[in-house]
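Fold and contact review
Here is what each chain is made of, one letter per residue.
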Number of protein chains: 2
Amino acid sequence: MTFDREQVLRDAAALLTRKATASMDEIAKAAGVSRATLHRHFPGRDALVRALGALGIEQLAERLDAARIEEGDPVEAVRRLIEEAMPVSGFLAFLYGENQLYAVEELDEGWARIDKRVSALFRRGQEQGLFRYDLSPAWLCEALYALIAASGWSVQDGKVASRDSARMVGELMLGGMLRGRS
Amino acid sequence: MTFDREQVLRDAAALLTRKATASMDEIAKAAGVSRATLHRHFPGRDALVRALGALGIEQLAERLDAARIEEGDPVEAVRRLIEEAMPVSGFLAFLYGENQLYAVEELDEGWARIDKRVSALFRRGQEQGLFRYDLSPAWLCEALYALIAASGWSVQDGKVASRDSARMVGELMLGGMLRGRS
DNA sequence: CCCACGTGAGACACAGTTGTCTCAATTTAG
DNA sequence: CTAAATTGAGACAACTGTGTCTCACGTGGG
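Residues numbered from 1 in each chain as written. Chains lettered and ligands numbered in written order. Predicted model: local features only at pLDDT ≥ 70, side-chain atom pairs only at ≥ 80, totals over all residues.

The name given to chain A in an unreviewed UniProt entry is TetR/AcrR family transcriptional regulator, with Streptantibioticus ferralitis as the source organism.

As structure tokens, this is what we get:
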């Protein structure tokens, strides 16, 4: 049967986010392949972790592109960002978690680029008088990633319905950061 | 010199939250003791993890008590809760993260009790017409833990000033969940 | 000053995991 | 149907981390 590299990396990210100490054998089982096959495609645990980090960065960047966060009304851009990020919340949780499974410069750089774009969106909203100034863009970024990751876990744990998750994150996040409220 | 059990567990929690794969030697170094001493006080990695989980549960419960979250105005109770939880955000991040370093029933039970009290606070606020109904207590709990944990990391990373962290969490959280807006 | 207690350092045996390899079985493509 | 490609299973060597132990050293109390 065919080896679905992307699916294996998704499964690996999901497991490693919850159990960073998972062995290669456990990862292989979670991905539905054998340990030998995993080793054929990734020459070592380190290579596997780097590959899933790189895929995560790539897919997150694609989601930001799809959300067109540099365009239009910042409030709507934040909503689109949340909507688009949900399907890759597993990768976001992995990358954001900084669980130090990786210490790869190119992943740090990739993450920094993503963070910069999101931070710029929050700053843009503040400059337009839409978002509160007293909540720093740095904090708003951290909060957003934490809520998206948390919602991914909540969906996985059945605590939140998948179709509700973007709205729940969006309402809480935007409700807290919009200006013009008491 | 004296062995400060609580400080060692705090240091261990801080390291393990960021690096779940940290070895006993790394944990010992982070705590400023030798691996032999760590093994003298905790008969194994498993015992250490259980001990820090138990301490975390105990201290979080004490913080909830100090915050008196069952009393008075729910909005003020949430503020007090956030304020009191900040000093133990490291333990919260560890327990909430469910990184599966532990699978100890008594820790799960302890966490479930804490979660129940926090959930009851959100429900009480909803019943009094103060908090939005469309954001479930389950989600509000997850979001709160995620934001408190994130703020702990942000302080540690220098992205947020320690004195600002409770306010940042509180404004975002309460701003998003209060009724009578937009 | 002396003794008891506790720690750090390091050695050592053991267990688990990793990485590699081989072979049989399965799948896929022609 | 056949051949090539790929996978699963398991063996094996090497490596890492754990848990235990011993000894020397430092600290504190009497």
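Within chain A, the secondary structure is distributed over nine helices and zero strands. At 18 Å, chain A has a C-alpha radius of gyration in line with the 16 Å of a compact globule built from 182 residues. Within the span of chain A, comprising 182 residues, buried residues form 46% of the whole. Summarising the internal contacts of chain A: among those between residues at least 6 apart in sequence, 65% fall at separations of at least 24. (Helix = DSSP H or I, 4+ residues; strand = E, 2+ residues; numbered from the N terminus. Rg over C-alpha atoms; globule rule 2.2 N^0.38 Å. Buried ≥ 20, exposed ≤ 12 C-beta atoms within 10 Å, placed from the backbone. Contact = placed C-beta atoms within 7 Å.)

What follows is about the relation of the copies chain A and chain B. When chain A is brought onto chain B, the operation consists of a screw motion whose angular component is 180° and whose axial shift is 0.1 Å, with 0.1 Å RMSD remaining. Both copies of the chain, as the preceding transformation shows, are related through a two-fold rotation axis. Closest approach to the rotation axis among the C-alpha atoms of chain A is made by Gly176 of chain A, whose C-alpha sits 2.1 Å away. With an isologous cut-off of 70% or more, the 96% of interface residues of chain A that recur at the interface of chain B puts this contact in the isologous class. (Least-squares fit on C-alpha atoms with pLDDT ≥ 70 in both.)

The next point concerns the protein's contact with DNA strand D. Taken together, 16 residues surround DNA strand D, and among them Phe3, Ser34 and Thr37 of chain A together with Ser23 and Gly44 of chain B come closest. Elements with a minimum of two residues in the surface near DNA strand D: helix H3 (35–41) of chain A together with helix H2 (24–31) and helix H3 (35–41) of chain B. The dominant element in the surface near DNA strand D, judged by the number of residues it contributes, is H3 of chain A, at three residues. Its residues assigned to classes, the surface near DNA strand D shows eight nonpolar, five polar and three charged. (Near = placed C-beta within 6 Å. Nonpolar A, V, L, I, M, F, W, Y, C, P; charged D, E, K, R; others polar.)

Turning to the UniProt feature "DNA-binding region" (unreviewed entry) in chain A, a few remarks are in order. Taken from the UniProt record, the annotation "DNA-binding region" (unreviewed entry) applies to residues 23–42 of chain A. In this annotation, residues 23–42 of chain A is assigned 75% helix and 0% strand; the end-to-end C-alpha distance for the span is 14 Å. (UniProt positions renumbered as here; feature names shortened; annotations may be inferred.)

Let us look at the protein's contact with DNA strand C. Neighbouring DNA strand C are 17 residues; Ser23 and Gly44 of chain A together with Phe3, Ser34 and Thr37 of chain B lie closest to it. Sorting the residues of the surface near DNA strand C by element identifies helix H2 (24–31) and H3 of chain A together with H3 of chain B as the ones contributing at least two each. A total of three residues in the surface near DNA strand C trace back to one element, the largest contributor, which is H3 of chain B. The class makeup of the residues in the surface near DNA strand C is eight nonpolar, six polar and three charged.

Below, the discussion takes up the environment of Arg124 of chain A. Residue and element names in this part refer to chain A. Topologically, Arg124 is positioned in helix H7 (residues 105–127). Judged by local crowding, Arg124 falls into the partly exposed class, with 16 C-beta atoms found within 10 Å. Each C-alpha atom of the pair Arg124 and Glu58 lies 24 Å from the other, and the pair is 66 residues apart in sequence.

For the rest of this paragraph, the subject is the UniProt feature "domain: HTH tetR-type" (unreviewed entry) in chain A. The UniProt record marks residues 2–60 of chain A with the feature "domain: HTH tetR-type" (unreviewed entry), using the residue numbering of this structure. Regarding residues 2–60 of chain A, the helix share stands at 76% and the strand share at 0%, and the terminal C-alpha atoms are separated by 25 Å.

All names here are of chain A. Put simply, helix H5 (residues 74–85) and H7 touch, their axes get as near as 9 Å, and they point 155° apart. For the element pair H5 / H7, the angle class is roughly antiparallel. Judged by the sense of rotation from one axis to the other, the crossing of H5 with H7 is left-handed. Where H5 abuts H7, its residues Pro74, Val75, Ala77 and Val78 lie against Leu121, Arg124 and Gly125. Residues belonging to the contact of H5 with H7 are distributed by class as follows: five nonpolar, one polar and one charged. (Axes fitted to C-alpha atoms, helices over the stretch in contact; angles between N-to-C directions. Parallel < 35°, antiparallel > 145°, perpendicular 65-115°, else oblique. Left-handed = near helix turned anticlockwise from the far one by under 90°.)

What follows concerns the interface of chain A and chain B. Taken residue by residue, the interface counts 28 residues in chain A and 27 residues in chain B. Every element with two or more residues in the side of chain A that touches chain B is listed here: helix H8 (137–156) and helix H9 (162–177) of chain A. For the side of chain A that touches chain B, the leading source of residues is H8 of chain A, giving nine residues. Here the residues of the side of chain A that touches chain B are counted per class, giving 15 nonpolar, six polar and seven charged.

Look at H9 of chain A: 24 Å from first C-alpha to last across 16 residues, which is about the 22 Å you get at 1.5 Å a residue. Listed as buried for H9 of chain A are Ser165, Ala166, Met168, Val169, Gly170, Glu171, Leu172, Met173, Gly175, Gly176 and Met177 of chain A. Buried residues along H9 of chain A sit against H5 and H8 of chain A together with helix H8 (137–156) and helix H9 (162–177) of chain B. (Expected span 1.5 Å × (residues − 1).)

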